Amino acid sequence: MKIIFATAALTLSISATTSVSAQSAQERLDARYDRALAAGYKALFLCSATANAELNGATRTPEGIHQWELSGIQEPLNEIIRDLPYEIVRSNPERLRTIVARIAARDGVSVEEKLAEFDPAFIATDASRLRYVKVEWAEDMEPRIANHHWGNGCVLMPIGWKVATMDPGMDVPPTQPYVQPLSPIEEPSMPSLEAGSAAFDGKTYGEGSRTTAVLVMHENQSMFERYADGFGPSTPQRTWSVAKSLAATLVGYVLRQCPECANEPGAITTISSGQEQLAEQGWPQLDRGLVLPWTPSAVEPRREITVDHFLRMASGRYSDTAGNRTDPLYWGGTTVAERAANWPIVHKPGTVYRYSNNDTLMAIWAFRDWLEENPPQQFFELVGMRHTVAESDWQGNYVLSSQAWTTSRDLAKLGQLYLNDGVLPDGTRVLPEGWVKYVSDPSGPQPAGTQWGYGAGWWTFRRPEGNAFEGIPDDAFAARGNRGQYVVVVPSRNVVIVRRGEDMVGTRFDIAAFTRDVLAALDE
């Protein structure tokens, strides 16, 4: 009996020791992974903030990016990120000629003949072009790399990507047109608007909030425009989840331009989900189940998920964290196909609201073939959002749950497009009739524990049971993003309000109070 007891005690002791050891090993692994993510976060922001500003003719410094975008972020990345060594790698004339010589030798032509194939603007400016950013994070691993793609922002490469692979070839094929940097936008006048000025004091609309830009439009006229030091009309910022509203807008644009492309093989297959409104509006594409890598079988339950479900955050798929935190995609260098497409369902599609980055990513994925031939930049150019860039993962899939860079004026143009019911000033319709009502109608399952409602890719100030925001019309709706990005559209008042910020974790800008005060001021 004693022997049995001793054996049991020894077993318990070994089990406890193993548990402690395993826990310590897991903690060490998690700490290492956090450093890799922090390095990816830093590389991508240094690359995107710098390169996208330079594309617009503006300038950002590493010091300014550390002060705004790289401070007050999520833990534990916040405590890691500042001290990680980095290098911003730019091109130079010697490198350009060396690479062209290598390509010329491969093609059996002279260097001069090969140089003649390049866009002259490319030759003139490549000497200082940002190529990539690398951030050290572990002695035994390659640095994290964010690679700059011409006119398309930056992409984060997978953990372990070799720096050496960045050098042998040309970053951009000679046939790709060079995107000319935009001239700086003229500095705005600043008519007096008390609420607009108060947005910058870090107290009135949220203790510790950090506003970088405010723009108020009324009847398509600028009523107030102001920027924090280091920012200006040409300075783009990451949209974060405002990109979800951009994504919903792009879906509308696709339906307007190409009603049949949702029926292409491998994109969407027709099913019946009983949502008659979509068919009545003439958008049956939104009411069809997706054929994705995980749905090869006709009886796969996830084929009942529609684009409408994805836009309304009602896919029914499992989320391991609130919002389906997509750190492996955003900061780890995985891809949309790897990270966003494979979640199982735990609710019947269309019955439960669950805010999820992955739902928006899949809504865009559904139209990936069309967008490959007609990239988002085409839409941005059409509606005058020429300072906007939609970034992608390293395999070219758009990360339009968060990863777009744009200016306040471009966001105001997005809002104005909705005020005009999807019609441009010259009368060109770019969004389907009824699209504004569709995205701003909180008709699906709704988020719990908030006064906000949710439409299709846009937040609403009213819920099905009514509007709890005093002083704000029922028809108002908004795009909302991390760190205080907001675009508020009020059709009945013909008003667009844009607020940009870099609010630190734990602080919040009260956009509802700000909207109420701006609308009241416009009445005076």
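Attention here is on the structure that accompanies the text. Note that this is a predicted model, so its numbers are computed, not measured. (Residues numbered from 1 in each chain as written. Predicted model: local features only at pLDDT ≥ 70, side-chain atom pairs only at ≥ 80, totals over all residues. Heavy atoms only, no water.)

Strand order in the open sheet formed by four strands is 1-2-3-4, and the pairing between neighbours is antiparallel. Only two strands of the sheet have a single neighbouring strand rather than two, namely strand 1 (86–90) and strand 4 (154–156). With direction set aside, neighbouring strand axes in the sheet form an average angle of 20 degrees. When strand 1 meets strand 2 (residues 130–135), the two strands line up antiparallel, connected through five bridges. Residue pairing across strands places R90 opposite L130, the latter belonging to strand 2. (Pairing = 2+ DSSP bridges. Helix = DSSP H or I, 4+ residues; strand = E, 2+ residues; numbered from the N terminus. Axes fitted to C-alpha atoms, helices over the stretch in contact; angles between N-to-C directions.)

Attention shifts here to the packing of aromatic side chains. Evaluation of the coordinates by the stated rule reveals 28 aromatic pairs. Measuring from ring centre to ring centre gives 5.8 Å for Y253 and W370, while their planes differ by 70 degrees; the resulting arrangement is edge-to-face. Here Y253 is found in helix 8 (residues 242–257), whereas its partner W370 is found in helix 14 (residues 368–373), with 117 residues between them in sequence. Taking the relative accessible area as the measure of exposure, W370 reaches 11% and is therefore buried. The ring centre of W459 lies 4.2 Å from the NZ or CZ of R480, which sits over that ring. (Phe/Tyr/Trp six-rings, centres within 6.5 Å; stacked < 30°, edge-to-face > 60°. Buried < 20%, exposed > 50% of the residue type's maximum accessible area, 1.4 Å probe, protein only. Lys NZ or Arg CZ within 6 Å of the ring centre and 35° of its normal.)

This part covers the nonpolar core. Membership of the largest hydrophobic core comes to 90 residues, with the highest contact counts inside it found for Y41, W331, Y418 and W458. Ranked by residue count, the leading element in this core is helix 1 (residues 2–55), at twelve residues. Leave out the neighbours within four places in its chain, and Y41 touches E69, L70, I73, L77, I81, W240, W331 and R483. Core analysis: the next-biggest nonpolar cluster, separate from the first, contains 37 residues, A199, F231, Y454 and F514 among them. (Core = buried A, V, L, I, M, F, W, Y, C linked by side-chain atoms within 4.5 Å. Contact = heavy atoms within 4.5 Å.)

The omega torsion of the bond from E75 to P76 falls at 5 degrees, within 30 degrees of zero and hence cis. With respect to the secondary-structure elements, P76 resides in the loop between helix 2 (62–67) and helix 3 (77–81). Despite not being glycine, N220 shows a phi value in the positive range, around 65 degrees. Counting through the fold element by element, N220 comes out in the loop between strand 5 (211–218) and strand 6 (221–227). Positive phi, close to 60 degrees, is recorded for D421, a residue that is not glycine. Mapped onto the fold, D421 is located in the loop between helix 16 (408–419) and helix 17 (435–439).

Another point: the state of the cysteines. Applying the stated criterion across every chain, the model contains one disulfide. One disulfide in the model links C47 with C154; its S-S distance is 2.1 Å. Note on the C47 and C154 pair: the S-S dihedral is about -75 degrees, so by sign convention the disulfide is left-handed. With a gap of 107 residues between them, C47 in helix 1 and C154 in strand 4 connect regions that are remote in the sequence. Using a relative accessible area of 0% as the deciding quantity, one classes C47 as buried. Residue classification places C154 among the buried residues on the basis of a relative accessible area of 0%. (Disulfide = S-S within 2.5 Å.)

In this fold, T460 is placed in strand 13 (residues 459–460). For T460, the side chain forms a polar contact with the main-chain oxygen of R462, separated by 2.6 Å. (Polar contact = N/O pair within 3.5 Å; in protein donor to acceptor, adjacent residues only side chain to side chain.)

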